[in-house]
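Below are the chains, spelled out letter by letter.
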Amino acid sequence: THLRVVIPSESFTIEGTDVMNDEWSVGLNLRNSLVGASTDQTSIEGYLFRWWCTNGAIDKRATSGRWNRTTGGQDKQAVYDWARQSVDEVLGGLETAFDSLQAMARTPLGANAQQIVRDTFRAHKIPIRDRERVMANLLTSSENVTAYTLMNAITSVANLEDRDFTDQQRLMAAGGDLPHVLADRCTACHQPMPD
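Note that the coordinates shown come from a computational prediction; the quantities given were computed from them, not determined experimentally.

### Observations regarding the side chain of Asp130
Here Asp130 lies in helix H5 (residues 128–139). If sequence neighbours within four positions are ignored, Asp130 has contacts with Val157, Arg163, Asp167 and Leu171.

Laid out in structure tokens, this is it:
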């Protein structure tokens, strides 16, 4: 079971894009397996929702971790307590999300655009057909190519009708990871910083 919840009251408008009233809201991306499958254990992740085009980005760094029925038990109250605490932690982890989105809108990729796009494709294992669609989105963009443009070029591909759920999740997670990855690059050469 997968569910995305958007919290409209927690919203922010990104300035400096080619969209008037470019409004985003925070939310939650919930996953659960009714049968307790290990691949889809209960988890809660941060979700960012763009109202203008309904793009979504999953921020896997704002996460609850996973509830494991084997080690966490099946007591309903324990699960509810975990979920309540997890929602607070995930939403708290998204407190700087709007600042990150605004910073991305002001960060031109410039001469390093090709390298940053290649690094993003490689890091998130984005399939060739999706890479071509992302590139087409970037080439048709009316604004200067910024980190924000790249994020939206990726997440808009996730919304295409022929999306497999796994591919959709991967693309939305790639978009949600970009603010963090780009913040970890050298400000002079834009190469990834060593761990």
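### A word on the pairing of strand S2 (residues 22–31)
Burial within S2 is extensive, with eight of its ten residues counted as buried. Of the strand pairs in this sheet, strand S1 (residues 2–14) and S2 are connected by ten bridges, and their pairing is antiparallel. Bridge pairing in S2 links Ser11 to Ser25. Across eight bridges, the pairing between S2 and strand S3 (residues 42–50) is antiparallel. Bridge pairing links Trp24 to Arg50 in S3.

### Brief notes about the environment of Ser86
Tracing the backbone shows Ser86 in helix H2 (residues 76–93). On the basis of relative accessible area, Ser86 is assigned to the buried category, the value being 2%. Along the primary structure Ser86 and Ile44 are separated by 42 residues, whereas in three dimensions their C-alpha atoms are 7.0 Å apart.

### Regarding the sheet that holds S1
Strand order across the open sheet formed by four strands is S1-S2-S3-S4, with antiparallel pairing between neighbours. Of all strands in the sheet, those with a lone pairing partner are S1 and strand S4 (56–67), marking the two edges. Pairwise comparison of adjacent strand axes, ignoring direction, gives a mean angle of 20 degrees for this sheet. Summarising the sheet, S3 and S4 pair through seven bridges and their orientation is antiparallel.

Cut-offs and rules
Residues numbered from 1 in each chain as written. Predicted model: local features only at pLDDT ≥ 70, side-chain atom pairs only at ≥ 80, totals over all residues. Heavy atoms only, no water. Helix = DSSP H or I, 4+ residues; strand = E, 2+ residues; numbered from the N terminus. Contact = heavy atoms within 4.5 Å. Buried < 20%, exposed > 50% of the residue type's maximum accessible area, 1.4 Å probe, protein only. Pairing = 2+ DSSP bridges. Axes fitted to C-alpha atoms, helices over the stretch in contact; angles between N-to-C directions.

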